[in-house]
Amino acid sequence: MGVRLEAVCRRYDNGVTALDDVSVDLERGAFTAIMGPSGSGKSTLLQCAAGLDRPTSGRVVLDGQDLTGLSERRLTLLRRRRIGFVFQGFNLLPALTARQNVGLPLRLAGRRADPDGIQRSLAEVGLGERGGHRPHELSGGQQQRVAIARALVARPAVLFADEPTGALDSASGQDVLRLLRGLVDEHGQTIVMVTHDPGAASYADRIVTMRDGRVAA
Ligand code: ADP
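This is a predicted model, so every value here is computed, not measured. (Residues numbered from 1 in each chain as written. Predicted model: local features only at pLDDT ≥ 70, side-chain atom pairs only at ≥ 80, totals over all residues. Heavy atoms only, no water.)

1. Brief notes about the pattern of salt bridges
Following the criterion strictly, the structure yields 12 salt bridges and no others. The salt bridge partner of Asp53 is Arg10, with a shortest N-O separation of 2.9 Å. Residue Asp53 is found in the loop between α1 (42-49) and β4 (57-62), and its partner Arg10 is found in strand β1 (residues 3-11); the two are separated by 43 residues along the sequence. The exposure class of Arg10 is buried, given its relative accessible area of 16%. Arg82 is the partner of Asp63 in a salt bridge, and the nearest nitrogen-oxygen pair spans 2.5 Å. Placement of Asp63 in the loop between β4 and β5 (65-66) and of Arg82 in helix α2 (residues 72-82) is noted, with a sequence separation of 19 residues between them. Residue class for Arg82 comes out partly exposed when judged on its relative accessible area of 30%. Residues participating in the shared-partner salt-bridge network are Arg4, Glu6, Arg59 and Asp66. (Salt bridge = Lys/Arg side-chain N within 4 Å of Asp/Glu carboxyl O. Helix = DSSP H or I, 4+ residues; strand = E, 2+ residues; numbered from the N terminus. Buried < 20%, exposed > 50% of the residue type's maximum accessible area, 1.4 Å probe, protein only.)

Here it is in structure tokens:
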């Protein structure tokens, strides 16, 4: 099911229309890249698709669930259970080990920090032996892979990534992209990635190009 946006508009209070009647199907089991120049609405699209921001009008249907009209509480629960997020800056907690960082979403959701599930996520990103390391003891690419393991630990319906290779050198960036590609090919993970890098987008099954708040033809 993935994520479907239907006639989504997002107008900010300053009068800027960041999304102007966007309809797009981010397919389940596929790797979709969202490209476009700065200011074209990529981040806003990602935020609306992930239930972090609300459209001014239109609907977002995530994994079969219409997000329109959900309370903040329901939306937060849905994000915790159904969505994984990876950012350019990794956003790991420096005082926690890789294992503790990966377990954090489960703890926030009030679930048991299942050691097997955490270990499985770390192994999936190739860091099965690094669970005891803190972020400063890992390379940038490894830190991003810990962040991906953290995003996967709740087995999300959709993994959203906002410029996940933006802070990495090209070799580590390619490792991360190959990892994302493998999650789609081997586990059928649905991934939606914002990037301005055509090389990164080439790992995707499909590229959605944004221009002035609209999907370019
Ligand atoms: P991109 O990710 O492609 O750079 P954004 O989605 O961040 O584009 O921004 C789209 C447009 O919306 C831009 O004109 C930007 O200035 C504006 N915008 C983004 N966020 C806000 C906000 N919180 N308040 C007002 N305008 C915003």
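2. Digging into the nonpolar core
Phe31, Ile148, Leu159, Leu180 and Met193 are the most contacted members of the largest nonpolar core, which has 36 residues in total. Setting aside anything within four residues of it in sequence, one finds Leu159 in contact with Gly84, Phe85, Val86, Ala151, Leu152, Leu180, Leu183, Gln189, Thr190, Ile191 and Val192. Membership of the second largest hydrophobic core comes to 28 residues, among which are Leu19, Leu75, Leu78 and Val194. (Core = buried A, V, L, I, M, F, W, Y, C linked by side-chain atoms within 4.5 Å. Contact = heavy atoms within 4.5 Å.)

3. Things to note about the site of the ligand
The full set of residues close to the ligand is Tyr12, Asn14, Val16, Ala18, Pro37, Ser38, Gly39, Ser40, Gly41, Lys42, Ser43 and Thr44. Contacts to the ligand include Gly39, whose backbone N or O atom sits 2.7 Å from an oxygen atom. Take Ser43: an N or O atom from its side chain is 2.7 Å from an oxygen atom of the ligand. In the complex, 61% of the free accessible area of the ligand, which totals 560 Å², lies under the protein chains. With three residues, α1 is the single largest residue contributor to the shell around the ligand. Along the lines of polarity and charge, the residues of the shell around the ligand split into four nonpolar, seven polar and one charged. (Near = heavy atom within 4 Å. Polar contact = N/O pair within 3.5 Å; in protein donor to acceptor, adjacent residues only side chain to side chain. Areas by Shrake-Rupley, 256 points an atom, 1.4 Å probe, with all protein chains shown as cover. Nonpolar A, V, L, I, M, F, W, Y, C, P; charged D, E, K, R; others polar.)

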